[in-house]
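# Overview (structure and organization)
Letter by letter, the chains look like this.
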There are 2 protein chains.
Amino acid sequence: MDELRSHYQGRPVLVTGGAGFIGANLTRALVALDAQVTVLDSLSPLYGGNLFNLDGVEERIRFVEGDQGDAKEVGRLVRDFDRVFNLVGQVSHVDSMEDPYTDLRTNVTVQIALLEALRRHRPDAKVLYAGTRGQYGRPGPRPVDESAPIAPIDVNGINKHAGEAYHFLYARAYGLRVSSLRLTNTYGPRHTMRTARQGVFAWFVRQALDGQEIRLFGGGEQLRDCNHVSDEVTALLLAMASPAADGEVFNLGSPRPVSLHAIAGAIVAAAGSGSVTRVPYPPHLQSIEIGDYVGDYGKAKRLLGWEPRVDLAEGVRDTVEFYRAHRDRYWTREVYP
Amino acid sequence: MDELRSHYQGRPVLVTGGAGFIGANLTRALVALDAQVTVLDSLSPLYGGNLFNLDGVEERIRFVEGDQGDAKEVGRLVRDFDRVFNLVGQVSHVDSMEDPYTDLRTNVTVQIALLEALRRHRPDAKVLYAGTRGQYGRPGPRPVDESAPIAPIDVNGINKHAGEAYHFLYARAYGLRVSSLRLTNTYGPRHTMRTARQGVFAWFVRQALDGQEIRLFGGGEQLRDCNHVSDEVTALLLAMASPAADGEVFNLGSPRPVSLHAIAGAIVAAAGSGSVTRVPYPPHLQSIEIGDYVGDYGKAKRLLGWEPRVDLAEGVRDTVEFYRAHRDRYWTREVYP
């Protein structure tokens, strides 16, 4: 971490979507490294931005509530930064199918606003983009490395890939430096808990803590790579700090993929409440089910020296304890600004 | 053509962008096959829609001037059609880099409006999408077949690919039938002549007919596949009529790729005026220059029985004569509705 400290200490850093799940965990890590963090977040009631996610670090960051798609506003803001963690976006596959326009705006139009601003005002900046395993769609032979075909099977995957392609295009055409991490299932503290749509892991935790039945579509045998958010934050910090990452995409992943059924079981065990049941796969969701996904993170290991550190049992305990303690900040709408 | 006639005769067909270059040539061919054609076109002053393109067939079609991105309007319209040629879009690489928002709207948002309308009202429809060689970016080994990597190097390529991906996604999720033709350099009558940005071939013709100097960036040795619009229209008609094309993408191309320099020379010869000169490649356009492009149209030949029929010399003569006769309908702004 000394290497990371020397990169970030005293450095002005912009985090878009910095009140959201990954953004806020990253912001907290940057504060711990003594970076000068500015968070830009729209605090949209639809997504995961939550001021409580920044509880305890408010005094050490600058918080800008604003529309990331407002090119003028973003243009004024970016002038001060040569490091931008670009974590704005929405991640729900189901929402993207029901309202492709909103997903397009959140995952593409907003990206254009940032990139146009950087092109004009900070072409020397480096930008970290948060991609997704959804860019690969239903993967072929596993584990999936970065050469796998791009073949998204939902609107979110199409738009997230377009957002990534825009980043690399602006790098080539205007000189920005860009890296993309294609994230897999991320879990841990500070995820939104309001709907099942933003990620099943968090929803399982809520159901378990509420003593409810976790319903696994199609039996829950689908394998998933789970990364604790603290490991993901480390990957983001390393990729930003490493010149070797410029122009590169990286898959994340874990050494031990697990089934959704095993994840749900671990959560129920840690919570001491809730139960797990299997239900048929809803027909309207079948077309966007990706089957098993196991990422090959060999490139991140090789170029960034990154490996996941938190094992699932430990990560699940940490996650369940966080929400048990802060349920009132995540369950209800009222606490949202 | 008897086979095509039996498919189209009396059949209600919708052509989006049907007052534009390819759309209008297609509409005229459909009228000749006795289809019942409805054209939807916004007649945007920025693009190629031009009522003169439909001169002589106005009485045999229904023309709807409307915003293809207006989901409600499109929703009302599509109910009557199980065959949609979707030729709306803008094609300028340079414009897309200067105004990515407009390109996104024209090439993605508008596609979502049509696909959402079809999903709701005509999930039994078949849609023909006009893709582009720009989806491949700077191609690797030539000729380029449909398995080549998708790697666009400009905003237009990213958005056109997203538009195509949306089509196949809606096919998988909602049952639409979809084919995409990835078009290469198309030339012929009824192309817009107002700027150089919508296609160099047409611009060369205008310059030659005006007795001006055609300036070739970087020497003009770049190879291009040129398809006369009548050949492209045949490919569109065949792909729509053929169940074997459902779910498939097809590259078009020509058996004899030619350099931009040779194209310009043929145009000057046919026009009997103008000249050709070579100038250095403008630095701001270098990042979006694709180099040589030669498409492999073997799949279209195999599955659709398609081959280009019009050779370049003949096509150039036909094109030059058309614009010589109708210059007043294409050169000036005033003739645009």
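Refer to the structure printed above.
What counts and what doesn't
Residues numbered from 1 in each chain as written. Chains lettered and ligands numbered in written order. Predicted model: local features only at pLDDT ≥ 70, side-chain atom pairs only at ≥ 80, totals over all residues. Helix = DSSP H or I, 4+ residues; strand = E, 2+ residues; numbered from the N terminus. Rg over C-alpha atoms; globule rule 2.2 N^0.38 Å. Buried ≥ 20, exposed ≤ 12 C-beta atoms within 10 Å, placed from the backbone. Contact = placed C-beta atoms within 7 Å. Pairing = 2+ DSSP bridges. Right-handed = clockwise from strand over helix to strand, strands pointing away. Axes fitted to C-alpha atoms, helices over the stretch in contact; angles between N-to-C directions. Nonpolar A, V, L, I, M, F, W, Y, C, P; charged D, E, K, R; others polar. Core = buried A, V, L, I, M, F, W, Y, C linked by C-beta atoms within 7 Å.

### Remarks on the overall build of chain A
Scanning chain A for helices and strands turns up 12 helices and 13 strands. By the compact-globule yardstick of 20 Å for 337 residues, chain A fits well, its C-alpha radius of gyration being 19 Å. Across its three principal axes, chain A shows a C-alpha extent of roughly 55 × 45 × 40 Å. Burial statistics for chain A: of 337 residues in total, 55% are counted as buried. A separation of at least 24 residues holds for 81% of the contacts in chain A among residues at least 6 apart in sequence.

### What to know about the pairing of strand β6 (residues 177-183) of chain B
Residues and elements named next belong to chain B. Counting buried positions along β6 gives 6 out of 7 residues, so the element sits mostly inside the fold. Relative to β6, strand β5 (residues 126-132) runs parallel, the two being bridged by 7 bridges. Within β6, the position partnered with V127 by the bridge is V178. For the handedness criterion, the β-α-β arrangement of β5, helix α6 (residues 155-174) and β6 is classed as right-handed. Judged from the 3 bridges that link them, β6 and strand β11 (residues 249-251) form a sheet pairing that is parallel. Opposite L181, over in β11, you have F250 as the bridge partner.

### Quick look at the sheet that holds strand β3 (residues 61-65) of chain A
Residue and element names in this part refer to chain A. The 7 strands lie next to each other as β3-β2-β1-β4-β5-β6-β11, forming an open sheet whose pairing is parallel. Because the sheet does not close on itself, it has two edges, and the strands there are β3 and β11 (249-251). When the angles between neighbouring strand axes are averaged without regard to direction, this sheet yields 20 degrees.

### Points about the environment of A:G295
All names here are of chain A. Mapped onto the elements, G295 comes out in the loop between α10 (283-286) and α11 (298-304). Since 28 C-beta atoms lie within 10 Å of it, G295 is described here as buried. Excluding its chain neighbours within four sequence positions, the residues that come into contact with G295 are R133, P143, V144, T184, D225, N251, L252 and G253.

### As for the interface of chain A and chain B
Facing 20 residues of chain A, the contacting portion of chain B comprises 20 residues. Mapped onto the side of chain A that touches chain B, the elements with two or more residues apiece are α5 (100-121) and α6 (155-174) of chain A. Among the elements that line the side of chain A that touches chain B, the one with the most residues is α6(A), at 8 residues. Looking at the side of chain A that touches chain B, its residues break down into 16 nonpolar, 2 polar and 2 charged.

### Notes on the nonpolar core
If you look at the biggest cluster of nonpolar residues, it comprises 194 residues, and the most contacted ones within it are A:L236, A:A239, A:I267, B:L236, B:A239 and B:I267. Take this core: its biggest share by element is 10 residues, from α6(B).

### A short note on the pairing of strand β2 (residues 36-41) of chain A
Residue and element names in this part refer to chain A. In terms of burial, β2 is largely enclosed, as 5 of its 6 residues are buried. As defined by bridge partners, strand β1 (residues 12-16) adjoins β2 across 5 bridges and the pair is classed as parallel. Its bridge partner lying in β2, V13 is registered against V37. Viewed along the sheet, the connection from β1 through helix α2 (residues 21-32) into β2 turns out right-handed. Direction of pairing for β2 relative to β3: parallel, over a ladder of 5 bridges. Among the inter-strand pairings, L40 is bridged to a residue of β3, identified as V64.

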